[in-house]
Amino acid sequence: MNDGRAVRAVYPGSFDPPTNGHLDVIERAAGCFGELIVAVVVNPQKREPMFTLEEREEMIRDCVKNLPNVRVEHFRGLLADYVREQHAAVIIKGLRVVSDFESEMSTALMNRALSDVDTMFLMSDQRYSFVSSSIVKEVFFLGGDVAALVPDPVMRLMAAKRATLRTT
Ligand code: PNS
């Protein structure tokens, strides 16, 4: 039997920006596996991101500096290829609501067909079941308070970004 602590897992996502829901999944997955790679992805399906890849990586690094078995990277291209290159055995995904499962199921099956890697799902903590990067951005830029929904380093960079947008 395999000990989960010997297994390397990959948690992929756009993280534009990372939320407390993402951080909760990272912390819980890091407790289950030997090493967790948080992989920031350029998602061509999504419109222009608010944060650059480097900013997203930096924000996550800042949030996980107390988790020694978490590494933050980015990749382009197929997740299945990246997972194989990294010799990872598991893809981690968070599920907030049942509708997430519908799209995640076909993605998981495709990734398994491509790379023979399994996807394991963590249910989001119910405090964050309504939290997504897109809803956080929308509320924040319309003046709403999202401080309880994102980690402090993210809040700071969002505020800086908003200030820049106001002066340009
Ligand atoms: O945070 P997101 O944008 O919902 O994450 C989606 C992500 C980045 C995990 C997904 O788009 C992905 O895996 N992209 C990499 C490209 C890929 O492998 N596409 C085929 C998936 S079957």
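Provided above is the structure to which this section pertains.
Residues numbered from 1 in each chain as written. Predicted model: local features only at pLDDT ≥ 70, side-chain atom pairs only at ≥ 80, totals over all residues. Heavy atoms only, no water.

Let's talk about helix H1 (residues 20-32)
Okay, so step 1: In a regular helix each residue adds 1.5 Å, so 13 residues correspond to 18 Å; H1 covers 19 Å between its end C-alpha atoms and thus fits that length.
Okay, so step 2: Among the residues of H1, those classed as buried are Asn 20, Gly 21, His 22, Leu 23, Asp 24, Val 25, Ile 26, Ala 29 and Ala 30.
Okay, so step 3: Two or three places before Gly 21, at the opening of H1, Thr 19 has a side-chain oxygen 3.1 Å from that residue's backbone nitrogen. (Helix = DSSP H or I, 4+ residues; strand = E, 2+ residues; numbered from the N terminus. Expected span 1.5 Å × (residues − 1). Buried < 20%, exposed > 50% of the residue type's maximum accessible area, 1.4 Å probe, protein only. Polar contact = N/O pair within 3.5 Å; in protein donor to acceptor, adjacent residues only side chain to side chain.)

A look at the packing of helix H2 (residues 53-63) against helix H6 (residues 152-167)
Okay, so step 1: The interhelical angle for the contact between H2 and H6, taken along N-to-C directions, is 145°, at an axis separation of 9 Å. Here H2 contributes Glu 55, Met 59, Asp 62 and Cys 63 to the contact with H6, which in turn contributes Pro 153, Val 154, Arg 156, Leu 157 and Lys 161.
Okay, so step 2: By residue class, the composition of the contact of H2 with H6 is five nonpolar, no polar and four charged. (Axes fitted to C-alpha atoms, helices over the stretch in contact; angles between N-to-C directions. Contact = heavy atoms within 4.5 Å. Nonpolar A, V, L, I, M, F, W, Y, C, P; charged D, E, K, R; others polar.)

Observations regarding the sheet that holds strand E5 (residues 118-123)
Okay, so step 1: Strand order in the open sheet formed by five strands is E3-E2-E1-E4-E5, and the pairing between neighbours is parallel. Here the strands that pair on one side only, and so sit at the sheet edges, are strand E3 (70-75) and E5. Here the average twist between neighbouring strands, direction ignored, is 30°. (Pairing = 2+ DSSP bridges.)

Description of the side chain of Lys 93
Okay, so step 1: Note that Lys 93 resides in strand E4 (residues 90-95).
Okay, so step 2: At 2.8 Å, the side chain of Lys 93 forms a polar contact with the side chain of Glu 104.
Okay, so step 3: Excluding anything up to four places from it in sequence, Lys 93 contacts Tyr 11, Pro 12, Glu 104, Thr 107, Thr 119, Met 120, Phe 121 and Leu 122.

Some points on the environment of Met 110
Okay, so step 1: Structurally, the position occupied by Met 110 is in helix H4 (residues 98-115).
Okay, so step 2: Judged by its relative accessible area of 49%, Met 110 is partly exposed.

Looking at the pattern of salt bridges
Okay, so step 1: Under the definition given, this model contains 15 salt bridges.
Okay, so step 2: Of the charged contacts, one joins Arg 61 and Glu 58 as a salt bridge, the two residues approaching to 3.3 Å between their closest N and O atoms. Here Arg 61 pairs with Glu 58, and both are found in helix H2, just three residues apart, close to one helical turn.
Okay, so step 3: Using a relative accessible area of 33% as the deciding quantity, one classes Arg 61 as partly exposed. (Salt bridge = Lys/Arg side-chain N within 4 Å of Asp/Glu carboxyl O.)

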